[in-house]
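Breakdown of the fold
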Amino acid sequence: TNRHIALWLWLAIASTCVFGQAQRPAVAPAADKVAGAGAAKALQGGDAQAAERLYRQAMRLNPKRAEWPMGLGSALERQGRLDEAVAAYRKGGELAPGQSDAAESVVRALVAGGKLEDAETDVREYLKTWPDGASLRSLLLDTLRKQRKWEAARKELASGRSCSLLWTLAEEEDTAGATEE
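Throughout this document, residue positions are counted from 1 along each chain, in the order its sequence is written. The model is predicted, so local features are restricted to residues of pLDDT at least 70 and side-chain atom pairs to those at 80 or more, both for listing and for counting; the totals for chains, interfaces and linings are taken over all residues. Note: side-chain values were computed over all heavy atoms of the structure, leaving out hydrogens and water.

**Structural notes on the overall build of the chain**
- A helix here means a DSSP run of H or I that spans at least four residues, while a strand means a run of E at least two residues long, and both kinds are numbered starting from the N terminus. The number of helices and strands found in the chain is 10 helices and 0 strands.
- With a 1.4 Å probe rolled over the protein chains alone, any residue whose accessible area is under 20% of its type maximum counts as buried; one over 50% counts as exposed, and the rest are partly exposed. Here the chain, with 181 residues, has 36% of them falling under the buried criterion.
- Sequence-distant contacts, at least 24 apart, represent 47% of the contacts inside the chain between residues at least 6 apart.
- In this description, accessible areas are obtained by the Shrake-Rupley approach with a 1.4 Å probe, and a residue is regarded as covered only by the protein chains that are shown. Accessible surface, the chain: about 11200 Å² in total, of which carbon and sulfur atoms supply 55%. Residues are treated as being in contact if the distance between any of their heavy atoms lies within 4.5 Å.

**Concerning the pattern of salt bridges**
- The salt bridge definition used is simple: a Lys or Arg side-chain nitrogen within 4 Å of an Asp or Glu carboxyl oxygen. All told, the structure shown has 15 salt bridges when counted by the stated rule.
- Here Glu-52 makes a salt bridge to Arg-56, at a shortest N to O gap of 3.1 Å. Taken together, the residues Glu-52 and Arg-56, both in helix H3 (residues 48-61) and 4 residues apart, mark about one turn of the helix.
- Accessibility expressed as a relative area gives 12% for Glu-52, which makes it buried.
- Between Asp-122 and Arg-90 there is a salt bridge, with the nearest N and O atoms lying 2.7 Å from each other.

**Structural notes on the nonpolar core**
- Buried residues of nine kinds, namely Ala, Val, Leu, Ile, Met, Phe, Trp, Tyr and Cys, make up a nonpolar core once their side-chain atoms join them within 4.5 Å. Tyr-55, Val-107 and Leu-136 are the most contacted members of the largest nonpolar core, which totals 39 residues.
- Here this core takes 7 residues from helix H6 (residues 101-112), the largest share from any one element.
- If we ignore the near neighbours within four places in the chain, the residues touching Tyr-55 are Gly-36, Ala-39, Ala-40, Leu-43, Glu-67, Trp-68, Gly-71 and Leu-72.

**Thoughts on the packing of helix H8 (residues 134-146) against helix H9 (residues 150-158)**
- Orientation is described by axes fitted as lines to C-alpha atoms, over the contacting stretch for helices, and by angles from 0 to 180 degrees between their N-to-C directions. Contact geometry for H8 and H9: axes closest at 8 Å, N-to-C directions at 160°. Judged by the angle between their axes, H8 and H9 are roughly antiparallel. For the crossing formed where H8 meets H9, the hand is left-handed. Judged by residue contacts, Arg-137, Leu-140, Leu-141, Leu-144 and Arg-145 of H8 engage Trp-150, Ala-152, Ala-153, Glu-156 and Leu-157 from H9.
- Residues are sorted three ways: Asp, Glu, Lys and Arg are charged, Ala, Val, Leu, Ile, Met, Phe, Trp, Tyr, Cys and Pro are nonpolar, and all the rest, Gly among them, are polar. Split by residue class, the contact of H8 with H9 holds 7 nonpolar, no polar and 3 charged. Comment on the angle field: the value is read as roughly parallel under 35 degrees, roughly antiparallel over 145, roughly perpendicular from 65 to 115, and oblique elsewhere. A clockwise turn of the near helix away from the far one marks a right-handed crossing, whereas an anticlockwise turn of less than a right angle marks a left-handed crossing.

**Focus on H3**
- Taking 1.5 Å per residue as the helical rise, H3 with its 14 residues ought to reach 20 Å, and the 20 Å between its terminal C-alpha atoms agrees with that figure.
- Buried within H3 are the following residues: Ala-48, Ala-50, Ala-51, Glu-52, Leu-54, Tyr-55 and Ala-58.
- Those residues of H3 hidden inside the fold are in contact with helix H2 (31-44) and helix H4 (67-78). A helix is expected to span 1.5 Å multiplied by its residue count minus one.

**Some words on the confidence of the model for the chain**
- Note on scores: pLDDT gives the predictor's confidence for each residue, bounded by 0 and 100. Of all residues in the chain, 72% attain a pLDDT of 70 or more, and the chain-wide mean is 82.
- Mean pLDDT values over the elements of the chain span from 51, in helix H10 (residues 166-176), up to 97, in H4.
- Across residues 17-23, confidence stays below pLDDT 50; counting only partners more than four residues off in sequence or on other chains, it has 2 contacts.

**Topic: unusual backbone geometry**
- Not every positive phi belongs to a glycine, and Arg-148 is a case in point at roughly 60°.
- With respect to the helices and strands, Arg-148 occurs in the loop between H8 and H9.

**Describing the packing of aromatic side chains**
- Any two rings among Phe, Tyr and Trp, with Trp reduced to its six-membered ring, count as a pair given centres within 6.5 Å; such a pair is stacked if its planes are under 30 degrees apart, edge-to-face if over 60, and tilted if neither. Under the defined criterion, the tally for this structure stands at 2 aromatic pairs.
- Summarising the aromatic geometry, the rings of Tyr-55 and Trp-68 are spaced 6.4 Å apart at their centres and angled 40° between planes, so their arrangement reads as tilted. Taken as a pair, Tyr-55 in helix H3 and Trp-68 in helix H4 lie far apart in primary sequence, 13 residues in all. Each member of the pair Tyr-55 and Trp-68 is classed as buried.
- Pairing Tyr-126 with Trp-130 gives two aromatic rings, centres 6.4 Å apart and planes at 45°, and the pair type is tilted.

Now the structure itself:
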């Protein structure tokens, strides 16, 4: 009957609308990449505030991409907002746990902010995950050197895993006449 045909037609249209909406992405897939590219360009051009704004936009559009909080961390670090930068780098590390870039960025920002004990603690923790990470080992030595923890630095060097900063370490110890930890 006509009533049944009308009902089937209405159901077909309604299901197309409902299922069509569910399959449509809320945001164009490349929108976060456009914002991220603009942020990177702004950061390269020295406009850390514009980069921050665009990285935050990229994060809103695609919160699962580690690249955006890492870039945000760089923008915040350039503005001297080191605690916020550390938080952004940590977020990037959570999104890409297999990569040591975020760990290195966290430690560098902590060192830049003068939080040497925190940096040492973090880098030692990260070295449990990446025991052969040359950059992390170098950061550990640098952190120990800045804290004048000469004995700990010697132990690290004696482990055979670290060889960088050997001459700097010896030179500073000689010239500073520093005492052991």
